[in-house]
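In case you want the letters, here they are:
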Amino acid sequence: MNLKKNLYRHLYRIRAAEQKIIALYNEDDMKTPVHLSIGEEAIISGVVEALKPSGQAFGTFRSHALYIAMAEETDLFFLELYGKSGYIANGKAGSMHLSNPQSGLLYSSAIVASTISLAVGAAYANKRLNKPIITACFMGDGAVEEGVFWESLNVACLMHLPVLFVYEDNGLAIHADFSTRKGYDSFQNIIMQYNCLLYDTGDSTDAEEIYHVASAAMRAISEKQKPAVLCSKYYRYYEHVGINFDFNAGYRSRDEFEIWNRKDPVLTFRSKLDISIAEEIEEDVNCQIDLSVRKAKEAPFASSEELYKGVYE
């Protein structure tokens, strides 16, 4: 039951935080573009729960879910979205460069595929230092069209590095679907040509199922001294960047959304819990998020001198 409660807390905290963003974003006080993670929660929750307590992670520009699952807090999260002082970047990171090194989230980046080689570097450092740490690198399906992914995978295989490449496939690179971008039929078939481990959760939206697959992958990484690739499909509910549905944009239909929504990762997992337990978690998380938003709104902006700190000249 503790596993189910932990997973639902991850799932619900991510969903509730992003729903709060949607409710407040048009006030125009959050001075950052937002790439919502709604629809992705099961992958993040399952992998992160398997990765804890000592694992490391690198994320993408769609970093909300990963930050919230790794850090298990929302105070610093909303401070950064509101551009306020108090977070590690004091308002300069915005939505797309979230990190929380003390909880294992080392970096997220707005540049597609840019953290993949960093994750491999971190895994190499851990191996050299004899630290039994697995580094997870999250990426979208557009990222594997960058050369750095294949170079990083190759190096990780050659050096037997403890890295888990988490391939989150929503079928889109912004608005372009698989058929217009890829000159091959199966990503998994290509991965099987490398000296690494391959795991696949298909189109599962069950965080517990993904947790067990991710746990198996991490055990195998440690035992076989090989990197692994974990493939998972999901559906991005909202537009690429922003808080709106975009079914009138012409590149996807509402029918596809309805199919995925029938197995929504939060609502379907809620049915696994006793209703009183689910409601207790929801009440606690809702209070936490309301307090975080209030703190963020009341917090001061950083001084003008902060603008020049941590910036290479």
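Structure's up top.
Rules and cut-offs
Residues numbered from 1 in each chain as written. Predicted model: local features only at pLDDT ≥ 70, side-chain atom pairs only at ≥ 80, totals over all residues. Heavy atoms only, no water. Helix = DSSP H or I, 4+ residues; strand = E, 2+ residues; numbered from the N terminus. Rg over C-alpha atoms; globule rule 2.2 N^0.38 Å. Buried < 20%, exposed > 50% of the residue type's maximum accessible area, 1.4 Å probe, protein only. Contact = heavy atoms within 4.5 Å. Areas by Shrake-Rupley, 256 points an atom, 1.4 Å probe, with all protein chains shown as cover. Lys, Arg positive; Asp, Glu negative; His and termini not counted. Charge placed at Lys NZ, Arg CZ, Asp CG, Glu CD. Axes fitted to C-alpha atoms, helices over the stretch in contact; angles between N-to-C directions. Parallel < 35°, antiparallel > 145°, perpendicular 65-115°, else oblique. Left-handed = near helix turned anticlockwise from the far one by under 90°. Nonpolar A, V, L, I, M, F, W, Y, C, P; charged D, E, K, R; others polar. Patch = residues over 30% accessible without salt bridge, like charges linked within 9 Å, V, L, I, M, F, W, Y side chains within 5 Å. Salt bridge = Lys/Arg side-chain N within 4 Å of Asp/Glu carboxyl O. 1 Å grid on protein atoms, 1.4 Å probe; cavity = no way out; pocket = protein on both sides within 12 Å on 5 of 7 lines; lining within 4 Å. Points joined across faces, edges and corners; volume = space filled by probe spheres on them. Core = buried A, V, L, I, M, F, W, Y, C linked by side-chain atoms within 4.5 Å. Phe/Tyr/Trp six-rings, centres within 6.5 Å; stacked < 30°, edge-to-face > 60°.

(A) How the structure looks around the overall build of the protein chain. On a plain count of helices and strands, the protein chain comes out with 11 helices and eight strands. Whereas a compact globule of 313 residues would reach a radius of gyration of roughly 20 Å, the protein chain reaches 19 Å, a difference of no more than 12%. Reported as C-alpha extents along the three principal axes, the dimensions of the protein chain are approximately 55 × 50 × 45 Å. By the burial criterion, 54% of the 313 residues in the protein chain qualify as buried. If you take every contact in the protein chain between residues at least 6 apart in sequence, the share linking residues at least 24 apart comes to 74%. Carbon and sulfur atoms form 52% of the exposed surface of the protein chain, whose accessible area is close to 14100 Å². Separation of charge centres in the protein chain, based on 31 positive and 42 negative side chains, amounts to 4 Å.

(B) Region of the structure containing the packing of helix α5 (residues 116–128) against helix α6 (residues 147–159). Look at α5 against α6: their axes get within 9 Å of each other, and the N-to-C directions meet at 15°. Classed by the angle they form, the pair α5 and α6 counts as roughly parallel. Where α5 crosses over α6, the two elements pack in a sense that is left-handed. Two secondary-structure elements touch here, α5 through Ile116, Ser117, Val120, Tyr124 and Lys127 and α6 through Val148, Phe149, Ser152, Val155 and Met159. Its residues placed into classes, the contact of α5 with α6 shows seven nonpolar, two polar and one charged.

(C) Local environment of a nonpolar patch on the surface. On the surface, Tyr124, Val155, Leu158 and Met159 cluster together into a nonpolar patch covering about 340 Å² of accessible area. At three residues, the largest contribution of residues to the nonpolar patch is made by α6. Turning to its location among the elements, Leu158 is positioned in helix α6.

(D) Examining the pattern of salt bridges more closely. Inspection of every chain in the model, using the stated rule, returns 20 salt bridges. Residues Lys295 and Asp75 are paired through a salt bridge, measuring 3.0 Å at the closest nitrogen-oxygen approach. Of this pair, Lys295 sits in helix α11 (residues 275–298) while Asp75 sits in helix α4 (residues 75–81), placing them 220 residues apart in sequence. Exposure remark for Asp75: the relative accessible area of 25% places this residue in the partly exposed category. Across the pair Glu282 and Arg270 runs a salt bridge, and its minimum N-O distance is 2.5 Å.

(E) Looking closely at the layout of surface pockets. Its volume calculated, the largest pocket comes out at about 390 Å³. Lining of the largest pocket is provided by 26 residues; of these, Phe61, Val112, Gly140, Gly142 and Ala143 occupy positions nearest its centre. Of all elements in the fold, only β3 (135–140) and β5 (172–173) reach the threshold of two or more residues within the lining of the largest pocket. Among the residues making up the lining of the largest pocket, the classes are represented as 12 nonpolar, nine polar and five charged.

(F) Focus on the nonpolar core. Ranked by internal contacts, the top residues of the largest apolar core, which has 74 residues, are Tyr8, Ile21, Val47, Phe77, Phe78, Phe138 and Leu164. In terms of residue count, helix α1 (residues 2–24) provides more of this core than any other element does, nine residues in total. Beyond its immediate stretch of four places on either side in the chain, Phe138 contacts Ile44, Val47, Val48, Ala57, Phe58, Gly59, Thr60, Leu66, Val166 and Glu168. Judged by nonpolar contacts, the second largest core, of 25 residues, contains Phe58, Ala143, Cys196 and Val229.

(G) Structural view of the packing of aromatic side chains. For the structure shown, the criterion picks out 19 aromatic pairs. For the pair Phe149 and Phe165, a centre-to-centre distance of 5.8 Å together with 85° between the ring planes defines the contact as edge-to-face. Placement of the pair is Phe149 in helix α6 and Phe165 in strand β4 (residues 163–169), with a sequence separation of 16 residues. The residues Phe149 and Phe165 share a single accessibility class, namely buried.

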